[in-house]
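Per-entry structural report
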Amino acid sequence: MTNKDNDITTDDIALYKGIFWIVDTDNIEQNKNYCFKILCSTDGSSSSIDSSLGIAKSGDTYNHQATWNKLSSFLTHNKPYNYFPRGRVEIKNGVARIFLNGNINYAEVIYFIKSEFNLTTHNGIKKVSVIEDNSAHYLCYLDDGYKSGK
């Protein structure tokens, strides 16, 4: 998917990578509290990461399970980290890649993620690729074969 961001408007002009969940599929804008963003450059490097959240083994992004486990039950609805559909934004060499569960791979969600993470040409993003990941890693309650995580 080529990045067409003419209609994305935001007051925040910073570029971000990170992780997200789509908990409310009826009102996509209600998922802002489920976007965990890390300020980064167009090559994906970042100088600061919120260490109070669950950091991945790589040390430069968040881990879904560790981050979810730090959230209040109000946000998690007392569900495990892998219950709701989720995804990740990675950036390298001016290319943004959105990895996500297939149940949320539709235009409204993609637009929301591109807006939340500011994946625009103005920020040096040349292309946005959407990778639908239906592997066991991204399964959620909407999928056959889903197994509850911790």
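Below is a summary of the structure that appears in this document. All chains use their own residue numbering, which begins from 1 and follows the written sequence. Confidence filtering applies because this is a predicted model: local features only for residues at pLDDT of at least 70, side-chain atom pairs given and counted only at 80 or more, and all residues used for totals across whole chains, interfaces and linings. Side-chain descriptors were evaluated using all non-hydrogen atoms of the structure, hydrogens and water having been removed beforehand.

1. Overview of the pattern of salt bridges
What counts, and what does not: The term salt bridge refers to a side-chain nitrogen of Lys or Arg lying within 4 Å of a carboxyl oxygen of Asp or Glu. Secondary structure follows DSSP: runs of H or I at least 4 residues long count as helices, runs of E at least 2 residues long count as strands, and numbering of each begins at the N terminus. To sort residues, take the accessible area from a 1.4 Å probe on protein chains only and compare it with the maximum for the residue type: under 20% means buried, over 50% means exposed, and anything in between is partly exposed.
With the rule as written, the count across this model stands at four salt bridges. A salt bridge links K32 to E116, with the shortest nitrogen-to-oxygen separation between them at 2.7 Å. Here E116 lies in helix α3 (residues 107-116) and K32 lies in the loop between β1 (16-21) and β2 (35-39), a separation of 84 residues in the sequence. A salt bridge links R97 to E90; the shortest N-O distance between them is 2.9 Å. Take R97: its relative accessible area is 37%, and that puts it in the partly exposed class. Each of E29, K32, K37 and E116 takes part in a single network of salt bridges with overlapping partners.

2. Some words on the nonpolar core
Rules: Residues enter a nonpolar core if they are buried and are Ala, Val, Leu, Ile, Met, Phe, Trp, Tyr or Cys, with the set joined through side-chain atoms within 4.5 Å.
F20, I113 and L119 are the most contacted members of the largest nonpolar core, which totals 21 residues. Elements with a contribution of two residues or more to this core: β1, β3 (86-92), β4 (95-100) and α3. Here this core takes four residues from α3, the largest share from any one element. Listed in part, the twelve residues of the second largest apolar core include I19, V23, I38 and Y81.

3. Description of the packing of aromatic side chains
Put simply, the rule is: Paired rings are identified among Phe, Tyr and Trp, the last through its six-membered ring, by centres lying within 6.5 Å, and are further divided according to the angle between planes into stacked (under 30 degrees), edge-to-face (over 60) and tilted (the rest). Placement of a charge over a ring requires the Lys NZ or Arg CZ to be within 6 Å of the ring centre, with the centre-to-atom vector within 35 degrees of the ring normal.
Enumeration over the complete set of coordinates arrives at nine aromatic pairs. Arranged with centres 6.0 Å apart and planes meeting at 85°, the rings of W21 and F36 form a pair that is edge-to-face. One end of the pair, W21, is in strand β1; the other, F36, is in strand β2, and 15 residues separate them in sequence. With a relative accessible area of 10%, F36 lands in the buried category. Through a chain of ring-to-ring contacts, three or more aromatic side chains come together here, namely W21, Y34, F36, W68, Y83, F84, Y141 and Y146. A cation over a ring is seen here: K37 above Y16, with NZ or CZ 4.9 Å from the ring centre. Directly above the ring of Y83 sits K79, whose terminal nitrogen or CZ lies 4.7 Å from the centroid.

4. Description of α3
To be explicit about the condition: A contact between two residues is defined here by any heavy atoms of the two lying within 4.5 Å.
Counting buried residues along α3, seven of its ten residues qualify, which places the element largely inside the surrounding structure. The inward-facing, buried residues of α3 abut β1, β2, β3, β4 and β5 (127-132). Directly beyond the C-terminal end of α3, a positive phi value near 55° is found at N118.

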